[in-house]
Amino acid sequence: KAAEVMTAEVERLNRVISELLEIARPSDINPRPTDISFLLNSSLRLVQQEAEAAGVRIETDIAPGIAPFTLDPDRLTQALLNLYINAIQAMAEGGQLTVSVRGTTAGLELIVNDSGAGIPDEALNKIFDPYYTSKNTGTGLGLAVVQKVVEAHGGTIRVQSTAGGGTRFTITLPGNGQEEGQP
């Protein structure tokens, strides 16, 4: 039992240190053509067990025909994991996490939507600030890292939330990775 607690604590500290390093390091990315469907499914598998334990159903809505997109799959996976974990934690009584992706004329649009508690209006303009958190155990670095990763890709992130009605994060990445003629 003590070993399990120590292991969990080491993993937590490792995440905190990784987030601190992510905030401190330059925003260099290592872009390469990436299968978006594979990236999303792989990243969701990493939180599957945590979601099941919390009673959260995961759904994906991946538009067909999305060509490989040039981005940094490791950094984008990290950003998505931060969004997934926040969503799961916001659904204390269970709920639905939906991850959608589609090609647009502007590039690629990724949406992470949850049916959780939502974000109060007064907090919406602070959630991307480093060290801002509404959780007792959070570092306040997760969403700051997400924003930094998205901006390093030349993209934008928007949030829509309703108290008690869930939260939707929309990431738009510019079209530098879409092949001609693809959606």
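To be clear, the structure that these remarks concern was listed above.
Residues numbered from 1 in each chain as written. Predicted model: local features only at pLDDT ≥ 70, side-chain atom pairs only at ≥ 80, totals over all residues. Heavy atoms only, no water.

Student: When you look at the nonpolar core in this model, what are you seeing that I'm missing?
Tutor: If you look at soluble globular proteins, the nonpolar side chains tend to sit buried side by side. One finds Leu-40, Tyr-84, Leu-97 and Leu-173 to be the most contacted residues of the largest nonpolar core, which totals 38 residues. Elements with a contribution of two residues or more to this core: helix 2 (36-53), strand 3 (69-71), helix 3 (73-90), strand 4 (95-104), strand 5 (107-114), helix 5 (142-152) and strand 7 (166-174). The leading source of residues in this core is helix 3, at eight residues. Setting aside residues up to four positions removed in sequence, Leu-40 forms contacts with Ile-62, Leu-80, Tyr-84, Val-99, Val-101 and Leu-110. (Core = buried A, V, L, I, M, F, W, Y, C linked by side-chain atoms within 4.5 Å. Buried < 20%, exposed > 50% of the residue type's maximum accessible area, 1.4 Å probe, protein only. Helix = DSSP H or I, 4+ residues; strand = E, 2+ residues; numbered from the N terminus. Contact = heavy atoms within 4.5 Å.)

Student: Before we go on, may I ask you to explain the pairing of strand 4 in this structure?
Tutor: Along any regular strand the residues' side chains alternate between the sheet's two faces. Among the 10 residues of strand 4, nine are classified as buried, and the element is accordingly described as predominantly covered. Pairing analysis gives eight bridges linking strand 4 to strand 5, with the strands arranged antiparallel. Considered in strand 5, the bridge of Leu-97 is made with Asp-114. Where strand 4 hands over to strand 5, the hairpin turn is made up of two residues, counted between the paired strands. (Pairing = 2+ DSSP bridges.)

Student: Looking at this model, I keep getting lost on helix 2. Mind explaining?
Tutor: Given 3.6 residues per helical turn, the α-helix brings residues three or four places apart onto the same face. The end-to-end C-alpha distance of helix 2, which contains 18 residues, comes to 26 Å, matching closely the 26 Å that a straight helix rising 1.5 Å per residue would cover. At Val-47, helix 2 shows its strongest bend, of approximately 50°. Every buried residue of helix 2 is accounted for by Ile-36, Leu-39, Leu-40, Ser-42, Ser-43, Leu-44, Val-47 and Ala-51. A side-chain oxygen of the first residue of helix 2 lies 3.0 Å from the backbone nitrogen of Ser-37; this N-cap is Asp-35. Immediately downstream of helix 2, the backbone of Gly-55 shows phi near 75°, a positive value. (Expected span 1.5 Å × (residues − 1). Bend = angle between axes of the 7 residues up to and from the residue. Polar contact = N/O pair within 3.5 Å; in protein donor to acceptor, adjacent residues only side chain to side chain.)

Student: What's the story with the packing of helix 2 against helix 3 in this structure? I'm lost.
Tutor: When two helices pack together, their arrangement is captured by the angle between the axes and the distance separating the axes. Two elements in contact, helix 2 and helix 3, have axes whose closest approach is 10 Å; the angle formed by their N-to-C orientations is 35°. As for how helix 2 packs across helix 3, the hand of that crossing is right-handed. Counted together, Leu-39, Leu-40, Ser-43, Leu-44, Leu-46, Val-47, Glu-50 and Ala-51 of helix 2 and Pro-73, Leu-76, Thr-77, Leu-80, Leu-81, Tyr-84, Ile-85, Ile-88 and Gln-89 of helix 3 form the full contact between these two elements. Taken together, the residues of the contact of helix 2 with helix 3 break down into 13 nonpolar, three polar and one charged. (Axes fitted to C-alpha atoms, helices over the stretch in contact; angles between N-to-C directions. Left-handed = near helix turned anticlockwise from the far one by under 90°. Nonpolar A, V, L, I, M, F, W, Y, C, P; charged D, E, K, R; others polar.)

Student: Sorry if this is basic, but what is going on with the pairing of strand 7 here?
Tutor: Counting buried positions along strand 7 yields seven of nine residues, so the element is predominantly enclosed. Looking at chain direction, strand 6 (residues 156-162) and strand 7 are connected through seven bridges and run antiparallel. Considered in strand 7, the bridge of Thr-156 is made with Thr-172. Two successive antiparallel strands, strand 6 and strand 7, enclose a turn made up of three residues, where Gly-164 displays a positive phi of approximately 80°.

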